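Inside the fold
So the chains spell out like this:
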Amino acid sequence: MVPLLVRGPAWLFQWRAACTLGAFVQQRTWAGVSRIPGLGGPLVQRGSSSASSQAPEVVLTRERYPVRRLPFAQVSEDDLAALERIVPGRVITDPEELEAPNVDWLRTVRGSSKVLLRPRTSQEVAHILRYCHERNLAVSPQGGNTGMVGGSVPVFDEIILSTTLMNQVMSFHDVSGVLVCQAGCILEELGRYVEERGFLMPLDLGAKGSCHIGGNVATNAGGLRFLRYGSLRGTVLGLEVVLADGTILNCLTSLRKDNTGYDLKQLFIGSEGTLGVITAVSILCPPKPSAVNVAFLGCPGFAEVLQTFSTCRQKLGEILSAFEFMDAECMKLVELHLRLASPVRESPFYVLIETSGSGAGHDAEKLSDFLEQVLGSGLVTDGTLATDQRRIKMLWSLRERITEALSRDGYVYKYDLSLPVERLYDLVSDLRARLGPRAKHVVGYGHLGDGNLHLNVTAEAFDVSLLGALEPYVYEWTARQRGSVSAEHGLGFKKRDVLCYSKPPEALQLMQQLKALLDPKGILNPYKTLPARA
């Protein structure tokens, strides 16, 4: 009954000293994973879920929501001919090909665009926008279309401008770690590119296999590495952006320090394509850590989750790279819909902790001290430790695939909130009591280290009365805590009218003025981000 020795014989004595959980059960070990004393077994994928029936057609956004089309021009045959001259062979009008880009990933909003363009260069984007500006044609920029708030699909018949073919790495400096690439590069592919060169993308998302770096920047995506590497506002060094009138704004610097005038790139980070179309990105990549560990732990309550986080910061310090939490309802849905089994015994809450460092022995010692303390004090009741890449990915999948599991549970009402960490889970409990049987599931998970709660409510189908019970209650509750109604997903179409819960009127007015200055005709991603004007 000896656990996998990660750093030497001391681990055996530490685990036995820390294990005050009752009878010491037979432990199971497997390659790269240490079973922490307690019940449960290794993470197992029990097979794929059964094929579901074909999903019903998504209701048009203009039919589900009270939104009125603005007086933009409609695409004519002459327009199609002109656009064909700009991007020959890359003007898509086939209704079947347009089905997917008209619908968001969550299948909750659907536009009716009849045209999709696939430029390859910023010059082609400039020509497209110059033409659309002159003709007063609205444009919906689109990357990987993995957004959660309906920001990357048209609302009416806007032209979809896809960055899919803008997927070239322009340069990488192996001393500074600065990557310069086009906006359509897929995040996961960029990750592989820099990892082969000893570096790491500072951003990691569950949607990394589909999302584009330009869309990540345009939405100021947070993700799983925020705790360690911070916001894209800090790691993005420069941008190339095409403005609404076709002007190419080249601020694609690779300098870490540039204190000359206004930092214009910050205007476009998080602007969701409403101020300009990002066509290239310069981003600082940190060195790839040589030692990575992931612990998946069970906690008896949210108070213990908070105390585990405090202990984690004290004990792990500079090697802590992620601290994620999920409730028991999340785990049940992951098991039900994705057939992923929990590697630890059932608990009210689970935390996933990742460490990243340069010395395996040093990191193992710190991790050992941390685990000894949280196990011995009862903050953690069970857990699994992974050290090899395959098992690490398996543990991460429990957290990263929660969104996918929720999408298979029915219609999902999604809220992405920033809250004081000590109040992070209170809203979930409040809503369960408020909604009762009207909701199928109310779950909470997210980035505890960032104070970011992903609150999700599922129902069999979209229900206006359920929406009325959720909104504005959720936003008012968040505002009373001085939180944010969007921590990392952006505002898009769905959240644009709740911006007032997080920003004062003066800030809203200034945002409207900036929009009018940079896009006077309002052709860039209309109906998104900013509240509708009366």
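Residues numbered from 1 in each chain as written. Predicted model: local features only at pLDDT ≥ 70, side-chain atom pairs only at ≥ 80, totals over all residues. Heavy atoms only, no water.

Counted only if it meets this: UniProt positions are given in the numbering used here, feature names are shortened, and annotations may be inferred rather than shown by experiment.
By the naming in an unreviewed UniProt entry, the protein goes by D-2-hydroxyglutarate dehydrogenase, mitochondrial and is assigned to Camelus dromedarius. Its UniProt record gives the protein a comment under Catalytic activity (unreviewed entry), which states: "(R)-malate + A = oxaloacetate + AH2". For the record of the protein, the UniProt heading Cofactor (unreviewed entry) holds the text "FAD".

**Thoughts on the packing of helix H3 (residues 77-86) against helix H5 (residues 122-135)**
Going by this rule: In this analysis an axis means a line fitted to C-alpha atoms, helices contributing only their contacting stretch, and an angle means the value between N-to-C directions, from 0 to 180 degrees. The numbering of helices and of strands both runs from the N terminus, where a helix is a DSSP run of H or I of at least 4 residues and a strand a run of E of at least 2. If an angle is under 35 degrees, it is roughly parallel; if it is over 145, roughly antiparallel; if it lies from 65 to 115, roughly perpendicular; otherwise it is oblique. Helix crossings get a hand from a simple test, with the near helix turned counterclockwise from the far one by less than a right angle marking a left-handed crossing and a clockwise turn marking a right-handed one. Should any heavy atoms of two residues lie within 4.5 Å, those residues are counted as being in contact. Residues are sorted three ways: Asp, Glu, Lys and Arg are charged, Ala, Val, Leu, Ile, Met, Phe, Trp, Tyr, Cys and Pro are nonpolar, and all the rest, Gly among them, are polar.
Here H3 crosses H5 at 160°, and the two axes come no closer than 10 Å. In terms of axis orientation, H3 runs roughly antiparallel to H5. As H3 runs across H5, the sense of the crossing is right-handed. Taken together, the residues of H5 that come into contact with H3 (itself represented by Asp78, Asp79, Ala82, Leu83 and Ile86) are Glu124, His127, Ile128, Tyr131 and Arg135. Partitioning the contact of H3 with H5 into residue classes produces 5 nonpolar, 1 polar and 4 charged.

**Examining the pairing of strand S15 (residues 411-418)**
Looking down a regular strand, the side chains alternate between one sheet face and the other. Basically, it comes down to this: Between buried and exposed lies partly exposed: a residue is buried under 20% and exposed over 50% of the maximum accessible area for its type, with that area taken using a 1.4 Å probe on protein chains only. Think of it this way: DSSP has to see at least two bridges between two strands before they count as a pair.
The buried count for S15 comes to 7 of 8 residues, which makes it a mostly enclosed element. The pairing of S15 with strand S17 (residues 452-459) spans 8 bridges and is antiparallel. Pairing of tyrosine 411 across the sheet is with alanine 459, part of S17.

**Thoughts on the nonpolar core**
For clarity, the cut-off: In this text, buried Ala, Val, Leu, Ile, Met, Phe, Trp, Tyr and Cys residues form a nonpolar core when linked through side-chain atoms within 4.5 Å.
Among the nonpolar cores identified, the biggest contains 53 residues, and Val305, Phe325, Ile353, Phe370, Leu435, Leu455 and Leu470 are the most heavily contacted of them. Those residues in contact with isoleucine 353 that sit more than four places away from it in its chain are Asn293, Val294, Ala295, Leu297, Thr308, Cys312, Leu316, Leu320, Ala322, Phe323 and Phe370.

**Looking at the sheet that holds strand S2 (residues 91-92)**
The strand order S2-S3-S5-S4 describes an open sheet built from 4 strands, whose pairing is mixed. In this open sheet, the two strands that pair with only one neighbour each are S2 and strand S4 (139-142). In this sheet, strand S5 (residues 159-162) lies alongside strand S3 (residues 116-117) in parallel orientation, the contact comprising 2 bridges. Each bridged residue has a counterpart across the sheet, and for leucine 117 the counterpart in S5 is leucine 161. Sitting on the sheet, H5 touches S3, S4 and S5, and the angle it makes with S5 is about 165°.

**Some details on the environment of leucine 98**
You can see leucine 98 is positioned in helix H4 (residues 95-99). Classification of leucine 98 as buried rests on a relative accessible area of 3%. C-alpha of leucine 98 to C-alpha of isoleucine 160: the two residues are 62 residues apart in sequence and 9.2 Å apart in space. Contact partners of leucine 98, with chain neighbours within four places excluded, come to Ile92, Thr93, Ser113, Lys114, Val115 and Leu116.

**Here we look at the side chain of lysine 515**
Definition in use: Two N or O atoms form a polar contact when they lie within 3.5 Å of each other; inside protein one atom must be a possible hydrogen donor and the other a possible acceptor, and for residues adjacent in sequence the pair counts only when both atoms belong to side chains.
Structurally, lysine 515 is set in helix H19 (residues 505-518). Looking at lysine 515, its side chain comes within polar contact range of the main-chain oxygen of threonine 274, at 2.6 Å. Non-local contacts of lysine 515, meaning those with residues more than four positions away in its chain, are made with Thr274, Leu275, Pro520, Gly522, Leu524 and Leu530.

**Overview of empty space enclosed by the protein**
Condition: In this analysis the probe radius is 1.4 Å and the grid spacing 1 Å, with only protein atoms considered; a cavity is a set of points the probe fits into but cannot get out of, a pocket is an open set with protein on both sides within 12 Å along at least five of seven lines, and lining residues have an atom within 4 Å of a point. Grid points are joined across faces, edges and corners, and a volume is the space filled by probe spheres set on the points.
Tallying each qualifying case throughout the model produces 3 cavities of 30 Å³ or more. Approximately 70 Å³ is the volume found for the largest cavity. Lining the largest cavity are Arg69, Phe72, Ala73, Gln74, Val75, Leu137, Ala138, Asp157, Glu158, Ile159 and Tyr527. For the lining of the largest cavity, the class distribution of residues is 7 nonpolar, 1 polar and 3 charged.

**Things to note about the packing of aromatic side chains**
Basically, it comes down to this: Each pair of aromatic rings taken from Phe, Tyr and Trp, with Trp reduced to its six-membered ring, is defined by centres within 6.5 Å and is described as stacked if the planes are under 30 degrees apart, edge-to-face if over 60, and tilted in the remaining cases.
Scanning all chains against the criterion turns up 16 aromatic pairs. Here the aromatic rings of phenylalanine 172 and tyrosine 193 are separated by 6.2 Å at their centres, their planes lie at 90°, and the arrangement is edge-to-face. One end of the pair, phenylalanine 172, is in strand S6 (residues 169-172); the other, tyrosine 193, is in helix H6 (residues 187-195), and 21 residues separate them in sequence. Phenylalanine 172 sits in the buried class, given a relative accessible area of 17%. Taken together, Phe302, Phe325, Phe349 and Tyr425 form an aromatic cluster joined through their ring pairs.

**Digging into the side chain of glutamate 124**
Topologically, glutamate 124 is positioned in helix H5. Discounting chain neighbours no more than four positions away, the residues touching glutamate 124 are Ile86, Val87, Arg90 and Pro119.

**So, the sheet that holds strand S7 (residues 178-182)**
A sheet is described by the order of its strands in space; here 5 strands give the open sequence S6-S7-S10-S8-S9, paired in antiparallel fashion. Whereas interior strands pair on both sides, the edge strands pair on one side only; in this sheet they are S6 and strand S9 (248-251). On average, adjacent strands in this sheet sit at an angle of 10° to one another, irrespective of strand direction. Sheet topology note: the S6/S7 ladder contains 3 bridges and is antiparallel.

**Examining a negative patch on the surface**
Our working rule: Within the patch definition used here, like charges are joined within 9 Å and nonpolar side chains (Val, Leu, Ile, Met, Phe, Trp, Tyr) within 5 Å, considering only residues with over 30% relative accessible area and no salt bridge. Surface exposure here means Shrake-Rupley accessible area, sampled with a 1.4 Å probe, where a residue is shielded only by the protein chains that are shown. Any carboxyl oxygen of Asp or Glu that lies within 4 Å of a side-chain nitrogen of Lys or Arg is treated as forming a salt bridge with it. In this tally Asp and Glu are treated as negative and Lys and Arg as positive; neither His nor the chain ends contributes. The location of each charge is read from NZ of Lys, CZ of Arg, CG of Asp or CD of Glu.
Negative charge collects at one region of the surface, where Asp94, Glu96, Glu97 and Glu99 lie side by side. Looking at the element boundaries, glutamate 96 is found in helix H4. The exposed category is assigned to glutamate 96, whose relative accessible area is 64%.

**Looking at H19**
Here is the rule: Every helix has an expected span of 1.5 Å times one less than the residues it contains. As used here, the arc is the angular range of directions from the helix axis to the C-beta atoms.
Between the first and last C-alpha of H19 there are 20 Å, a value that for 14 residues agrees with the 20 Å anticipated at 1.5 Å per step. If you check which residues of H19 are buried, you get Leu508, Gln512, Lys515 and Leu518. Projected onto a plane normal to the axis of H19, the buried residues spread over an arc of 140° and lie on a single side. Structural note: H19 exposes Glu506, Gln509 and Leu517 on the side pointing more than 90 degrees away from its buried face. Buried positions along H19 lie against helix H10 (265-268).

**Here's the deal with unusual backbone geometry**
The general pattern is negative phi for most residues beyond glycine and trans for most peptide bonds. Following glutamate 471, the chain continues into proline 472 via a peptide bond in cis, with omega recorded as 10°. Along the chain, proline 472 turns up in the loop between helix H17 (464-470) and helix H18 (473-480). For tyrosine 527, which is not glycine, the phi torsion reads 75° and is therefore positive.

**Some words on the pattern of salt bridges**
All chains considered together, the criterion is met by 19 salt bridges. In this structure, the salt-bridge partner of lysine 366 is glutamate 318, at a minimum N-O distance of 3.6 Å. One end of the pair, lysine 366, is in helix H13 (residues 360-376); the other, glutamate 318, is in the loop between helix H11 (302-316) and strand S12 (320-327), with 48 residues separating them in the sequence. Assessed through its relative accessible area of 19%, lysine 366 is described here as buried. Among the salt bridges present, the one from arginine 423 reaches aspartate 426, with a minimum N-O distance of 2.4 Å. You can call arginine 423 partly exposed: its relative accessible area is 29%. Judged by relative accessible area, aspartate 426 falls into the partly exposed class, the value being 28%. Salt bridges sharing partners connect three or more residues here, namely Asp204, Lys208 and Glu400.

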